Amino acid sequence: MTSLYDRLGGAAAVDAAVDKFYVKVLADPKVNYFFDGVDMKKQRRMQKGFLIFAFGGPNNYTGKGMRAAHQKLVDEKGLNDTHYDAIVNHLATTLKEMGVNDKDIGDVAVVANSIRDDVLCRPKSLYDRLGGAPAVDAAVDKFYVKVLADPKVNYFFDGVDMKKQRRMQKGFLIFAFGGPNNYTGKGMRAAHQKLVDEKGLNDSHYDAIVNHLATTLKEMGVKDSDISDVAVVANSIRDDVLCRPKSLYDRLGGAPAVDAAVDKFYVKVLADPKVNYFFDGVDMKKQRRMQKGFLIFAFGGPNNYTGKGMRAAHQKLVDEKGLNDTHYDAIVNHLATTLKEMGVNDKDIGDVAVVANSIRDDVLCRPKSLYDRLGGAPAVDAAVDKFYVKVLADPKVNYFFDGVDMKKQRRMQKGFLIFAFGGPNNYTGKGMRAAHQKLVDEKGLNDSHYDAIVNHLATTLKEMGVKDSDISDVAVVANSIRDDVLCRPKSLYDRLGGAPAVDAAVDKFYVKVLADPKVNYFFDGVDMKKQRRMQKGFLIFAFGGPNNYTGKGMRAAHQKLVDEKGLNDTHYDAIVNHLATTLKEMGVNDKDIGDVAVVANSIRDDILCRSPKGKGQVFSPALISAAVGVAVIGLLVFLTTKKTV
């Protein structure tokens, strides 16, 4: 096959092209300042030698490598893609004027782009860092020695032409690592579907094979950071190799479908007066391009998005134009309608909505979740791995993990913490009580052990640079599940459903009380908004929840009602019955309603301002605390006047 060098016309044509090319470059103020002070006679000579070699001719180039030659221009003059594109365009225009055909000009562009990263001094591709094709070839040969000697995976290659297999593998890895694409084999799904269906190819096998590749590279002296990047590549194709469901991006139809959808979507958005004013003054051509890049990435495609983060991009719209959930819902609905009109199925539209809702808080600039503040899944993964190093080295707690599959334990722990810290819920393990009951019963798991484990987590996060405020929030999460992990009986507060249930119960309860002429006159002149708020705080505390109650004690709060309005047992019973009926209507079980009644009766004497049976009896502080703190219904905190609420 004739080389590009020969097709262009050899050295004479390259010489002429370089001379014409520099006339254009030096006349262009966007790029000519890069050549200030340069000996252009020498520059042309060096350029000619390089291009002759780069286009497939003899190598007489004696200059610096591309990185060494351009590093100063990048560092001091900001040489970037825009400048590079301008220079490549000048070369293409020169060749066009010289009568070179479009195909050969396209091949020149391919050569130019193949050295773009070196000229702009970007990090080398993984392919280059590994050592290029020779290194990949050697690695594949050594790798298959290990694979074929491993009975856990070698049967997948029974009957396979291994000479062809190695050749195809080399081509694929060269491309996957960022080198030239000379791979001509099947796609990953087509190549592996039969192995999945007939031989059960799964994650365990895939991990074993990736480990053989990592071990091979380690033995060849490859750096750990590059081996990690190889693992990233391997994991990026895991789902295709194991023939799992395709990404949302692929199911929607890839980049062409996303492009078409964005164009149609913006027609709807810009015609909608509820949201179109957010785009006043916006360059919509750029907006569409950026939106396409973002959605391709968000839906599981390649990440070519170069725009701002969601918060930075939308903060001004939130602050100045009041962007909120209503606007967001309208925009998401326009996208869903667009996809529906394009024939996308309901399941995929539902998955698009899931993606949209996953970034809602960022777009609307709400406070980040603890999960996000910690750094998301990668940070939780790293923390759990470091945390278990500490835990397993601590004789006070490590015996709880005797006989435990720690690989599975770490995986389950990561899933649980991601969910507990406010991330996605992919946890599939047992509930906390079921998971720890045996440890409590047989090994005596208790608060001391729990504190030690929480301290190991806090220390781990501290070492990872997590802020003290976020570590405190982690401790709050840990303490919120302490009783479940230690398998303690749940408080009445928790059994009723916590603060939301108490709030709802108090609102419903007062509807009944204020409609009952036997007791409603006790509330004449009372600020009922404040009354409900105080009642909720008291009941949350009395039922065993947090103590945010700031009102008076029961006697002080009700003395006037007893003295002036005759508050007595009949009234008290009526009020307790209204509360019990309310809870029954809300689906609370009879046992818990009975426990509420116990609490209510424990403070009856205080509310009715009488001495307990057995006048002069001295109660212990613990009993007094139980009577007041558990005292449910300070019930009659609600029986207060304006002054006593």
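The structure displayed is predicted, hence computed values, not measured ones.

Reading the values: the criteria
- Residues numbered from 1 in each chain as written.
- Predicted model: local features only at pLDDT ≥ 70, side-chain atom pairs only at ≥ 80, totals over all residues.
- Heavy atoms only, no water.
- Helix = DSSP H or I, 4+ residues; strand = E, 2+ residues; numbered from the N terminus.
- Rg over C-alpha atoms; globule rule 2.2 N^0.38 Å.
- Buried < 20%, exposed > 50% of the residue type's maximum accessible area, 1.4 Å probe, protein only.
- Contact = heavy atoms within 4.5 Å.
- Areas by Shrake-Rupley, 256 points an atom, 1.4 Å probe, with all protein chains shown as cover.
- Lys, Arg positive; Asp, Glu negative; His and termini not counted.
- Charge placed at Lys NZ, Arg CZ, Asp CG, Glu CD.
- Salt bridge = Lys/Arg side-chain N within 4 Å of Asp/Glu carboxyl O.
- Expected span 1.5 Å × (residues − 1).
- Polar contact = N/O pair within 3.5 Å; in protein donor to acceptor, adjacent residues only side chain to side chain.
- pLDDT = per-residue confidence, 0-100.
- Patch = residues over 30% accessible without salt bridge, like charges linked within 9 Å, V, L, I, M, F, W, Y side chains within 5 Å.
- Phe/Tyr/Trp six-rings, centres within 6.5 Å; stacked < 30°, edge-to-face > 60°.
- Axes fitted to C-alpha atoms, helices over the stretch in contact; angles between N-to-C directions.
- Parallel < 35°, antiparallel > 145°, perpendicular 65-115°, else oblique.
- Left-handed = near helix turned anticlockwise from the far one by under 90°.
- Nonpolar A, V, L, I, M, F, W, Y, C, P; charged D, E, K, R; others polar.
- Arc of directions from axis to C-beta.
- 1 Å grid on protein atoms, 1.4 Å probe; cavity = no way out; pocket = protein on both sides within 12 Å on 5 of 7 lines; lining within 4 Å.
- Points joined across faces, edges and corners; volume = space filled by probe spheres on them.

### A word on the overall build of the chain
(1) Moving on: If you tally the helices and strands in the chain, you get 37 helices and 0 strands.
(2) Moving on: In terms of overall size, the chain is more extended than a compact globule, its C-alpha atoms giving a radius of gyration of 36 Å where 645 residues would be expected to give roughly 26 Å.
(3) Moving on: Expressed as lengths along the three principal axes of its C-alpha atoms, the size of the chain is roughly 120 × 65 × 50 Å.
(4) Moving on: Across the 645 residues of the chain, 40% fall into the buried class.
(5) Moving on: Taking the contacts inside the chain whose residues are at least 6 apart along the sequence as the reference set, 78% of them involve residues at least 24 apart.
(6) Moving on: For the chain, the accessible area works out to roughly 34800 Å², and carbon and sulfur atoms hold 55% of it.
(7) Moving on: A distance of 1 Å separates the average location of the 93 positive side-chain charges in the chain from that of its 80 negative side-chain charges.

### What to know about the pattern of salt bridges
(1) Moving on: Enumeration over the complete set of coordinates arrives at 58 salt bridges.
(2) Moving on: With its nearest N and O atoms 3.1 Å apart, the salt bridge here joins E585 to K512. Placement of the pair is E585 in helix 33 (residues 569–585) and K512 in helix 30 (residues 498–514), with a sequence separation of 73 residues.
(3) Moving on: According to the relative accessible area criterion, E585 is exposed, its value standing at 56%.
(4) Moving on: Connected through salt bridges with shared partners, the residues D81, D85, R116, D117 and R122 form a single ionic network.

### Description of helix 18 (residues 310–321)
(1) Moving on: Taking 1.5 Å of rise per residue, the 12 residues of helix 18 would be expected to cover 16 Å, and the 16 Å separating its terminal C-alpha atoms lies within 8% of that figure.
(2) Moving on: Packed against the buried residues of helix 18 are helix 17 (284–298) and helix 21 (360–363).
(3) Moving on: G322 sits one or two positions beyond helix 18 and adopts a positive phi of about 70°.

### Quick word on the side chain of H90
(1) Moving on: Relative to the elements of secondary structure, H90 occurs in helix 5 (residues 81–97).
(2) Moving on: Under the relative-accessibility criterion, H90 is labelled buried at 17%.
(3) Moving on: Within the structure, the side chain of H90 is placed 2.7 Å from the side chain of D28, a separation counted as a polar contact.

### Some points on unusual backbone geometry
(1) Moving on: The backbone of C121 shows a phi angle near 55°, a positive value even though the residue is not glycine.
(2) Moving on: As for its placement among the helices and strands, C121 is situated in the loop between helix 7 (116–119) and helix 8 (126–130).
(3) Moving on: The class of C121 is buried, set by a relative accessible area of 16%.
(4) Moving on: With a phi angle near 60°, C365 is a residue other than glycine that sits in the positive phi range.
(5) Moving on: Along the chain, the position of C365 falls in the loop between helix 21 and helix 22 (370–374).

### Overview of the confidence of the model for the chain
(1) Moving on: Predicted confidence across the chain gives a mean pLDDT of 89, with 94% of residues reaching 70 or more.
(2) Moving on: Per-residue pLDDT stays below 50 along residues 613–645; that stretch engages in 100 contacts with residues further than four places along the chain or on separate chains.

### Remarks on a positive patch on the surface
(1) Moving on: Together, K41, K42, R45, K64, K72 and K77 make up a region of like positive charge exposed at the surface.
(2) Moving on: Considering every element that reaches the positive patch, the biggest residue donor is helix 3 (residues 40–54), with 3 residues.
(3) Moving on: Structurally, K72 can be placed in helix 4 (residues 66–77).
(4) Moving on: Given the relative accessible area of 56%, K72 is considered exposed.

### What to know about the packing of aromatic side chains
(1) Moving on: Taken as a whole and assessed by the stated rule, the structure comprises 20 aromatic pairs.
(2) Moving on: Ring geometry for F416 versus Y427: centroids 5.3 Å apart, planes at 70°, classification edge-to-face. Here the residue F416 occupies a position in helix 24 (residues 406–420), and Y427 occupies one in the loop between helix 24 and helix 25 (432–443), the gap between them amounting to 11 residues.
(3) Moving on: Given the relative accessible area of 21%, Y427 is considered partly exposed.
(4) Moving on: Taken together, a centroid distance of 4.6 Å and an interplanar angle of 25° make the contact between Y521 and F522 stacked.
(5) Moving on: Among the residues examined, Y521 registers a relative accessible area of 29% and is labelled partly exposed.
(6) Moving on: The exposure class of F522 is buried, given its relative accessible area of 1%.
(7) Moving on: An aromatic cluster of at least three residues, connected via ring pairs, comprises F21, Y22 and F35.

### Side note on the packing of helix 19 (residues 325–341) against helix 20 (residues 346–358)
Packed helices, taken two at a time, are described by their axes: the angle between them and the distance between them.
(1) Moving on: Following both chains from N to C, one finds helix 19 and helix 20 inclined at 155°, their axes separated by 10 Å at the closest point. Regarding the angle of helix 19 to helix 20, the classification is roughly antiparallel. Here the hand of the crossing between helix 19 and helix 20 comes out right-handed. Mapping the contact onto sequence places Y328, V332, L335, A336, L339 and K340 in helix 19 and D346, I349, V352 and A356 in helix 20.
(2) Moving on: Class assignment for the residues of the contact of helix 19 with helix 20 results in 8 nonpolar, no polar and 2 charged.

### Considering helix 6 (residues 102–114)
Two residues of an α-helix separated by three or four positions point the same way, owing to the 3.6 residues in each turn.
(1) Moving on: For helix 6, which comprises 13 residues, the first-to-last C-alpha distance of 18 Å matches the rise-based estimate of 18 Å (1.5 Å per residue) to within 8%.
(2) Moving on: Three or more residues of helix 6 are buried, namely D104, I105, V108, V111 and A112. Buried residues of helix 6, seen end-on, are gathered within an arc of 110° and therefore sit on one face of the element. In helix 6, the exposed residues that point more than 90 degrees away from the buried face are D102, K103, V110 and S114.
(3) Moving on: In this structure, the buried residues of helix 6 make contact with helix 1 (4–8), helix 3, helix 5 and helix 7.

### Details of empty space enclosed by the protein
(1) Moving on: The tally for this structure, following the rule as stated, stands at 3 cavities of 30 Å³ or more.
(2) Moving on: Space inside the largest cavity adds up to approximately 90 Å³.
(3) Moving on: Residue lining of the largest cavity: L130, A135, V136, A139, V140, L173, F177, L213, L217, M220 and V222, and that is the complete set.
(4) Moving on: For the lining of the largest cavity, the secondary structure elements donating two or more residues are helix 9 (132–148) and helix 12 (203–219).
(5) Moving on: In terms of residue count, the dominant contributor to the lining of the largest cavity is helix 9 (4 residues).
(6) Moving on: Here the residues of the lining of the largest cavity are counted per class, giving 11 nonpolar, no polar and no charged.

### Let's talk about the packing of helix 2 (residues 10–26) against helix 3
(1) Moving on: Look at helix 2 against helix 3: their axes get within 9 Å of each other, and the N-to-C directions meet at 130°. Viewed along their axes, helix 2 and helix 3 adopt a mutual orientation that is oblique. Along this stretch, helix 2 crosses helix 3, giving a crossing that reads as right-handed. Between helix 2 and helix 3, the residues in contact are A11, V14, D15, V18, D19, Y22 and L26 and M40, Q43, R44, Q47, K48, L51 and I52, respectively.
(2) Moving on: Its residues assigned to classes, the contact of helix 2 with helix 3 shows 8 nonpolar, 2 polar and 4 charged.

### Observations concerning the side chain of D470
(1) Moving on: Along the polypeptide, D470 turns up in helix 27 (residues 468–480).
(2) Moving on: The residues touching D470, leaving out its near neighbours within four places in the chain, are L370, R373 and L374.

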